[in-house]
Amino acid sequence: MSADLSYLIILLTGVVILLENRLKRVVILLGIQGFLLLLPLYQEESGDGFHSIFLAAMVIVFKGILTPIILFWTARRIHSPESTFPKVGYLPTLALLFAGAAACYFFMDMVSAFFGKSHQYGLLYVLLLIYIGVIGFIVRRNWIGVIACFSIFENGTFLLTLLLKSGVPIGSEFGSFLDAVLIIGAGAALRINSEQYKGETSR
């Protein structure tokens, strides 16, 4: 499998997560996307050495396991509704997505001139993945969907770092993964507290 194709597959999972209205499937797809990060990681890092193994382990633990577990547990704890729809509807969401794709393609030569032509389309797919995360902040109404889109955004920044420079110091990478999970955990805790507070005030 070519490297650009693996980035495209990850991008398509992001698009499905953005448009999916069943929260359980959103969380499952987010976990799948986390495991899919192993494909470009192996292709870029060649799977050799302690650095690559450590990165792969962090992807599995933080992206593939911890994030979905936290979201599933919190959704059950607060009895979150299963269905959610974009605030602005599906057609405006798709319009935002196509506008971002057109803008990324328009600026592709400029980006390639700055970063080089290695993985030119892979870079385009990664930029679109980051953009999907940004769109999710705007159009998602359910907090689980918002956090899922934050995770998509973070996955995109991880892939962008992987594309532009291999061998980032392990401490920085670990801090990035841990920071993302802490933010998700903090959001879940705040949501639980707010739901409990609403329940107490309604009595």
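From a predicted model like this one, the values you see are computed outputs, not experimental measurements.

**A short note on the overall build of the protein chain**
A tally of helices and strands in the protein chain yields 9 helices and 0 strands. Going from the N terminus to the C terminus, the protein chain shows its helices and strands as α-α-α-α-α-α-α-α-α. Per-residue burial for the protein chain yields a buried fraction of 44% across its 203 residues. For the protein chain, the proportion of contacts with a sequence separation of at least 24, taken over those separated by at least 6, is 79%. Carbon and sulfur atoms make up 70% of the accessible area of the protein chain, which totals about 10300 Å².

**Topic: a nonpolar patch on the surface**
Together, Phe35, Ile60, Val61, Ile65, Leu66 and Ile69 line one region of the surface with nonpolar side chains, adding up to about 450 Å² of accessible area. Of the residues forming the nonpolar patch, the biggest block, 5 residues, is contributed by helix H4 (residues 49–77). Residue position: Leu66 is located in helix H4.

**What about the pattern of salt bridges?**
One pass over the full model with this rule turns up 2 salt bridges. A salt bridge links Glu20 to Arg25, with the nearest nitrogen and oxygen atoms 3.1 Å apart. Ionic pairing is found between Lys63 and Glu154, a salt bridge with its closest N-O pair at 1.9 Å. Residue Lys63 is found in helix H4, and its partner Glu154 is found in helix H8 (residues 143–164); the two are separated by 91 residues along the sequence. The burial state of Lys63 is the same as that of Glu154; both residues are buried.

**Describing the environment of Glu44**
Mapped onto the fold, Glu44 is located in helix H3 (residues 38–45). Accessibility expressed as a relative area gives 18% for Glu44, which makes it buried. Residues Glu44 and Leu162, spaced 118 residues apart in sequence, show a C-alpha to C-alpha distance of 7.2 Å.

**Overview of H8**
Compared with an ideal rise of 1.5 Å per residue, which puts 22 residues at 32 Å, H8 spans 32 Å between its outermost C-alpha atoms and is within 8% of the ideal. Of all 22 residues in H8, 16 are buried, a share of seventy percent or more.

**Points about the packing of aromatic side chains**
Evaluated as defined, the whole model comprises 1 aromatic pair. Between Phe137 and Phe153, the ring centres sit 6.2 Å apart and the planes meet at 50 degrees, which makes this aromatic pair tilted. One end of the pair, Phe137, is in helix H7 (residues 120–139); the other, Phe153, is in helix H8, with 16 residues separating them in the sequence. What makes Phe137 partly exposed here is its relative accessible area of 37%. Owing to a relative accessible area of 28%, Phe153 belongs among the partly exposed residues under this scheme.

**Some words on the packing of H7 against H8**
Orientation of H7 relative to H8, taken along the N-to-C sense of each, is 155 degrees, at an axis distance of 8 Å. With respect to their mutual orientation, H7 and H8 come out roughly antiparallel. With respect to the hand of their crossing, H7 and H8 are arranged in left-handed fashion. In contact with Gly122, Leu123, Val126, Leu127, Leu129, Ile130, Ile132, Gly133, Val134, Gly136 and Phe137 of H7, H8 contributes Val146, Cys149, Phe150, Ile152, Phe153, Asn155, Gly156, Thr157, Leu159, Leu160 and Leu163. Broken down by class, the residue content of the contact of H7 with H8 amounts to 16 nonpolar, 6 polar and no charged.

**Let's talk about the confidence of the model for the protein chain**
Mean pLDDT for the protein chain: 76, with 69% of residues reaching 70 or above. Helix H9 (residues 170–201) is the least confidently modelled element of the protein chain, averaging 56 in pLDDT, while helix H2 (residues 23–36) averages 91, the highest of any element.

What counts and what doesn't
Residues numbered from 1 in each chain as written. Predicted model: local features only at pLDDT ≥ 70, side-chain atom pairs only at ≥ 80, totals over all residues. Heavy atoms only, no water. Helix = DSSP H or I, 4+ residues; strand = E, 2+ residues; numbered from the N terminus. Buried < 20%, exposed > 50% of the residue type's maximum accessible area, 1.4 Å probe, protein only. Contact = heavy atoms within 4.5 Å. Areas by Shrake-Rupley, 256 points an atom, 1.4 Å probe, with all protein chains shown as cover. Patch = residues over 30% accessible without salt bridge, like charges linked within 9 Å, V, L, I, M, F, W, Y side chains within 5 Å. Salt bridge = Lys/Arg side-chain N within 4 Å of Asp/Glu carboxyl O. Expected span 1.5 Å × (residues − 1). Phe/Tyr/Trp six-rings, centres within 6.5 Å; stacked < 30°, edge-to-face > 60°. Axes fitted to C-alpha atoms, helices over the stretch in contact; angles between N-to-C directions. Parallel < 35°, antiparallel > 145°, perpendicular 65-115°, else oblique. Left-handed = near helix turned anticlockwise from the far one by under 90°. Nonpolar A, V, L, I, M, F, W, Y, C, P; charged D, E, K, R; others polar. pLDDT = per-residue confidence, 0-100.

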